[in-house]
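# Geometric and topological summary
Below, each chain spelled out in residue letters.
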Amino acid sequence: MKYFLPVLLIFCCPLFAHSQDITGLWKGTMFNDSTKQTLQYEVYISKQKGKYTGISHTWFLINDVKYYGIKKIKVHIAKDGKIILQDAELIENNYPAAESRNVSQLNVLDLQNKENEAVLDGLFVTNRTHEYNQLTGHINIKRVSLLSDSDLGRYLQKNGLENSMTVKK
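Residues numbered from 1 in each chain as written. Predicted model: local features only at pLDDT ≥ 70, side-chain atom pairs only at ≥ 80, totals over all residues. Heavy atoms only, no water.

On to helix α2 (residues 151-158). Looking only at α2, the buried set comprises D151, L152, G153, Y155 and L156. Of the surrounding elements, those touching the buried residues of α2 are β1 (24-32), β2 (38-48), β3 (51-62), β4 (65-77) and β5 (83-93). Its side-chain oxygen placed 3.3 Å from the backbone nitrogen of L152, S150 serves as the N-cap of α2. In the segment just after α2, G160 is the residue with positive phi, at about 70°. (Buried < 20%, exposed > 50% of the residue type's maximum accessible area, 1.4 Å probe, protein only. Helix = DSSP H or I, 4+ residues; strand = E, 2+ residues; numbered from the N terminus. Contact = heavy atoms within 4.5 Å. Polar contact = N/O pair within 3.5 Å; in protein donor to acceptor, adjacent residues only side chain to side chain.)

With phi around 55°, K49 is a residue other than glycine that occupies positive phi space. Structurally, K49 is set in the loop between β2 and β3. Judged by its relative accessible area of 90%, K49 falls in the exposed class.

Let us look at the sheet that holds β2. Spatially, eight strands are ordered β1-β2-β3-β4-β5-β6-β7-β8 in a closed barrel, and the strand pairing comes out antiparallel. Averaged over all pairs of adjacent strands, the angle between strand axes in this sheet comes to 30°, irrespective of strand direction. Here β1 runs beside β2; their pairing, made up of eight bridges, is antiparallel. Considered in β2, the bridge of F31 is made with T38. (Pairing = 2+ DSSP bridges. Axes fitted to C-alpha atoms, helices over the stretch in contact; angles between N-to-C directions.)

With respect to the secondary-structure elements, W59 resides in strand β3. Sequence spacing of W59 and Y95 is 36 residues, and the spatial spacing of their C-alpha atoms is 9.7 Å. In contact with W59, other than residues within four places in its own chain, are L39, Q40, K66, Y67, Y68 and D151. Polar side-chain contacts of W59 include one of 3.2 Å to the side chain of D151.

Below, the discussion takes up the nonpolar core. Judged by nonpolar contacts, the single largest core of 19 residues is most densely connected at V43, I45 and L85. Elements that contribute at least two residues to this core include exactly β1, β2, β4, β5, β7 (117-126) and β8 (136-144). The element that contributes the greatest number of residues to this core is β2, accounting for four residues. Other than its neighbours up to four places away in sequence, L85 contacts V43, I45, I73, K74, V75, Q105, L106, N107 and L109. Counting residues in hydrophobic clusters, the runner-up holds eight residues, among them Y44, I70, L146 and L152. (Core = buried A, V, L, I, M, F, W, Y, C linked by side-chain atoms within 4.5 Å.)

Taken over all residues, the pLDDT of the chain has a mean of 82, while the share at 70 or more is 81%. Across the chain, the secondary-structure element scoring lowest on mean pLDDT is helix α1 (residues 4-19), at 42, and the one scoring highest is β8, at 96. Taken as a whole, residues 1-18 scores under 50 in pLDDT and shows six contacts with residues more than four places along the chain or in a different chain. Between residues 165-169, whose pLDDT stays under 50, and residues either more than four places distant or in other chains, the model counts 12 contacts. (pLDDT = per-residue confidence, 0-100.)

Here it is in C-alpha cells:
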C-alpha cells in the first residue's frame, strides 16, 4: 500500500498535463540569446474537434518603427506534457526586408499555474539555414483575457477571426 501513491502519481501525472486547458490568448515576451533583445510575443491557441491550432504574433522596434510578423502555428502536447508550438506559415508581416525563407521556430514550453494565472514558459530554437545561424532563447507568456490590450486580438478581429476565439474569464 505504501507504494500505491507514488505509482499512481507516476502513471497519472502525464494525464494531468494532457487534460490542462491551453486554449486562449497568451501574451508576454521572448528573449533572443544571440541579440540579447526581448521581443513582445503573443499566441492564440484554439481547439476544434480535438485538434489544437494557433496563431503567433511577434513585434519589434527598429529606429522607432514597429515591425511585426504573424504566423500560423502547429500546436500539440507531447507525451511528457510539454506544450510544443511550431511555425507553420507566415501569414502577414511588414518586415523592412524580404522575409527569411525556410526559417522555422520551435517552442518547447511547460504549463505552470502560479497564483491563479496560467504561464507557458520554456525555450525556443530556430533552424539553421544557408543564410542564417540557429537562434535560441526563452519564452514566457501568460494567459490573458481576450478583452485585454492585444495586437494579435486586434488582428483576429480585423480579419473576422474573432468568432474562433473563446473568452476566458
